[in-house]
Amino acid sequence: MADDVQFSDFTTVEKLQIAALTARMAKRGLADDGSGRVLADLKRKVVRIENQARRRKNGK
């Protein structure tokens, strides 16, 4: 699909932000009770960064 965001489409800052959020997700995952609610806010932040990169890639 043409709208897919690849790793090279992210800026250096976005890559660092995603890495930090992934580390926080891993830490929180240990405390998760299986509901997934613990990670929901961090997942939304990653999706927001992905959408930003997708808009920049498509020129919108």
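First, a word on what this report is: a plain description of the structure on this page. Because the structure is a prediction, the values reported are computed rather than measured. (Residues numbered from 1 in each chain as written. Predicted model: local features only at pLDDT ≥ 70, side-chain atom pairs only at ≥ 80, totals over all residues. Heavy atoms only, no water.)

Let us now look at the pattern of salt bridges. Here the structure, examined in full by the defined rule, presents three salt bridges. Ionic pairing is found between Asp9 and Lys57, a salt bridge with its closest N-O pair at 3.4 Å. Taken together, the residues Asp9 in the segment before α1 (12-31) and Lys57 in helix α2 (residues 40-58) connect sequence positions 48 residues apart. Overall, Lys57 belongs to the partly exposed group, its relative accessible area being 37%. The partner of Arg28 in a salt bridge is Asp41, and the shortest N-O contact between them spans 2.7 Å. (Salt bridge = Lys/Arg side-chain N within 4 Å of Asp/Glu carboxyl O. Helix = DSSP H or I, 4+ residues; strand = E, 2+ residues; numbered from the N terminus. Buried < 20%, exposed > 50% of the residue type's maximum accessible area, 1.4 Å probe, protein only.)

On the surface, Arg24, Arg44, Lys45 and Arg48 cluster together into a positively charged patch. The leading source of residues in the positive patch is α2, at three residues. On the secondary structure map, Arg48 appears in helix α2. Overall, Arg48 belongs to the exposed group, its relative accessible area being 53%. (Patch = residues over 30% accessible without salt bridge, like charges linked within 9 Å, V, L, I, M, F, W, Y side chains within 5 Å. Areas by Shrake-Rupley, 256 points an atom, 1.4 Å probe, with all protein chains shown as cover. Lys, Arg positive; Asp, Glu negative; His and termini not counted. Charge placed at Lys NZ, Arg CZ, Asp CG, Glu CD.)

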